[in-house]
Amino acid sequence: MEKHSTGCLVCGQPLHYFDPPRELACEFCGELFTSHAACNAGHYVCDACHAQQGFQSITEYALQTTSKNPAEIAISMMKLPYINMHGPEHHYLVPAALLTAYHNASGDIDLRRALSSALERAKNLPGGICGFWGGCGAGIGAGIFTSIVTSATPLAGREWQLSNLATSGALASIATHGGPRCCKRDALLSILYMVSFTKEHLNVQMECSRPVCIFSHKNNECKKELCLFHPKYHEEEIK
């Protein structure tokens, strides 16, 4: 079955969110899940089927790039064929881009092992938690990155503190820019916040630039010139 890259992966129609959740069968694997979302035609795709190929393509790209710029890496990952406009693959994309840039900027980690840890943690974050839990998975991805590079555990001291500071700071940046959700915007906001955080707290200088979004035409909820990554925002700033 061919997947659509935005809206419902099956038919491309907009998703409908509901509470309480319902038991639905995934259109791809057939398994039953409890979900808060389906399209208007009733199609539902589980998080694993939604993101699995995207997870693999993110890892493959991370292991071959030499860039030290996590925003640049993230944009390149977002262009990959199996990265949808929205979805839980972004929960892994954020720590993967950060870990890759950190490693390429002489951060002391085994990148392959770090990516494996990030994926294992990020894939447990359900899609839609930005609205239903009040904590965007892209922001939590900043904490996952910090936890891995500092070897934090629930019993750690400073490492535990830094991981939670990273998450709270990234979430604050996401919240300040407001909704509705845009996985691309929220991922980039988290990454830009973490460049300065990593320099200040971890003494590793990654490269930094604010990218121009090329995905707005795929996002029905795009805030257009109100988003600092939108081309129109850059034009207004130059004026």
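It should be emphasised that the depicted structure is a prediction, and the values quoted were computed from it without experimental measurement.

Caption draft 1: Inspection of empty space enclosed by the protein at higher detail. For the structure on display, the rule yields one cavity of 30 Å³ or more. Space inside the largest cavity adds up to approximately 100 Å³. Every residue lining the largest cavity is counted, 13 residues in all, and those nearest its centre are Cys182, Arg185, Cys213, Cys222 and Cys227.

Caption draft 2: A look at the packing of aromatic side chains. Considering all chains together, one arrives at five aromatic pairs under this definition. A ring pair is formed by Tyr102 and Phe145, whose centres lie 5.7 Å apart and whose planes are at 80°; its orientation type is edge-to-face. Remark: Phe145 occurs in helix α6 (residues 137-150) and Tyr102 occurs in helix α3 (residues 89-104); sequence separation between them is 43 residues. Across the pair, Phe145 and Tyr102 agree in class, each one buried. When the centroid spacing of 6.0 Å and the interplanar angle of 35° are considered together, the rings of Tyr193 and Phe197 count as tilted. Residue Tyr193 and its partner Phe197 are located together in helix α8 (residues 183-202), separated by four residues, close to a single helical turn. Over the aromatic face of Phe18 sits the side chain of Arg22, whose NZ or CZ is 3.8 Å from the ring centroid. Above the plane of the ring of Phe215 lies Lys184, whose end atom (NZ or CZ) is 5.2 Å from the centre.

Caption draft 3: Representation of the packing of α3 against α6. Relative orientation of the contacting elements α3 and α6 amounts to 40°, with a least axis distance of 7 Å. Overall, the two elements α3 and α6 adopt an arrangement that is oblique. In this structure, the crossing between α3 and α6 has a hand that is right-handed. Only Gly137, Ala138, Gly141, Ala142, Ile144, Phe145, Ile148 and Val149 of α6 make contact with α3, whose side of the interface consists of His91, Val94, Pro95, Leu98, Leu99 and Tyr102.

Caption draft 4: Geometry of the layout of surface pockets. Counted as a void, the largest pocket has a volume near 1000 Å³. Along its surface, the largest pocket is lined by 50 residues, and Leu15, Tyr17, Ala37, Gly127 and Gly128 are the ones closest to its centre. Elements with a minimum of two residues in the lining of the largest pocket: β1 (15-25), β2 (32-39), α1 (47-62), α3, α5 (129-132), α6 and α8. If one sorts the elements of the lining of the largest pocket by residue count, β2 sits on top with seven residues. The class makeup of the residues in the lining of the largest pocket is 26 nonpolar, 19 polar and five charged.

Caption draft 5: Region of interest: the packing of helix α2 (residues 70-78) against α8. One can describe the packing of α2 onto α8 by two numbers: an axis separation of 9 Å at closest approach and a directional angle of 160°. Here α8 runs roughly antiparallel to α2, going by the angle between their axes. Note on packing geometry: the crossing formed by α2 with α8 is right-handed. Contact with α2, carried on its side by Pro70, Ala71, Ala74, Ile75 and Met78, involves Lys184, Ala187, Leu188, Ile191, Leu192 and Val195 of α8 and no other residues of that element. Here the contact of α2 with α8 is composed, by residue class, of ten nonpolar, no polar and one charged.

Criteria and thresholds
- Residue indices follow the written sequence of each chain, beginning from 1 at its first position.
- In keeping with the model being predicted, local features are shown solely for residues with a pLDDT of at least 70 and side-chain atom pairs are shown and tallied solely at 80 or more, while totals for entire chains, interfaces and linings include all residues.
- Computation of side-chain values covers all heavy atoms of the structure but excludes hydrogens and water.
- Definitions used throughout: a 1 Å grid over protein atoms alone; a cavity as a set of points that fits a 1.4 Å probe which cannot get out; a pocket as an open set with protein on both sides within 12 Å along at least five of seven lines; a lining residue as one with an atom within 4 Å of a point.
- Grid points are joined across faces, edges and corners, and a volume is the space filled by probe spheres set on the points.
- In summary, the pairing rule links any two rings of Phe, Tyr or Trp, Trp by its six-membered ring, whose centres are within 6.5 Å, and it sorts them by plane angle into stacked for under 30 degrees, edge-to-face for over 60 and tilted for everything else.
- Only DSSP runs of H or I with at least four residues qualify as helices, and only runs of E with at least two residues qualify as strands; both kinds are numbered from the N terminus onward.
- Relative accessibility under 20% of the residue-type maximum defines a buried residue, over 50% an exposed one, and the middle range a partly exposed one, all with a 1.4 Å probe and only protein chains included.
- By definition here, charges over rings are those cases where NZ of Lys or CZ of Arg is within 6 Å of the ring centre and within 35 degrees of the ring normal.
- Fitting a line to C-alpha atoms yields each axis, with helices limited to the stretch in contact; the angle taken between N-to-C directions then spans 0 to 180 degrees.
- Should an angle lie under 35 degrees it is considered roughly parallel, over 145 roughly antiparallel, and from 65 to 115 roughly perpendicular; all remaining angles are considered oblique.
- Handedness of a crossing is defined here by the sense of rotation of the near helix relative to the far one, left-handed for an anticlockwise turn of less than a right angle and right-handed for a clockwise turn.
- The contact criterion used is simple: two residues touch if any of their non-hydrogen atoms lie within 4.5 Å.
- When residues are sorted by character, Ala, Val, Leu, Ile, Met, Phe, Trp, Tyr, Cys and Pro go into the nonpolar class, Asp, Glu, Lys and Arg into the charged class, and all the rest, Gly among them, into the polar class.

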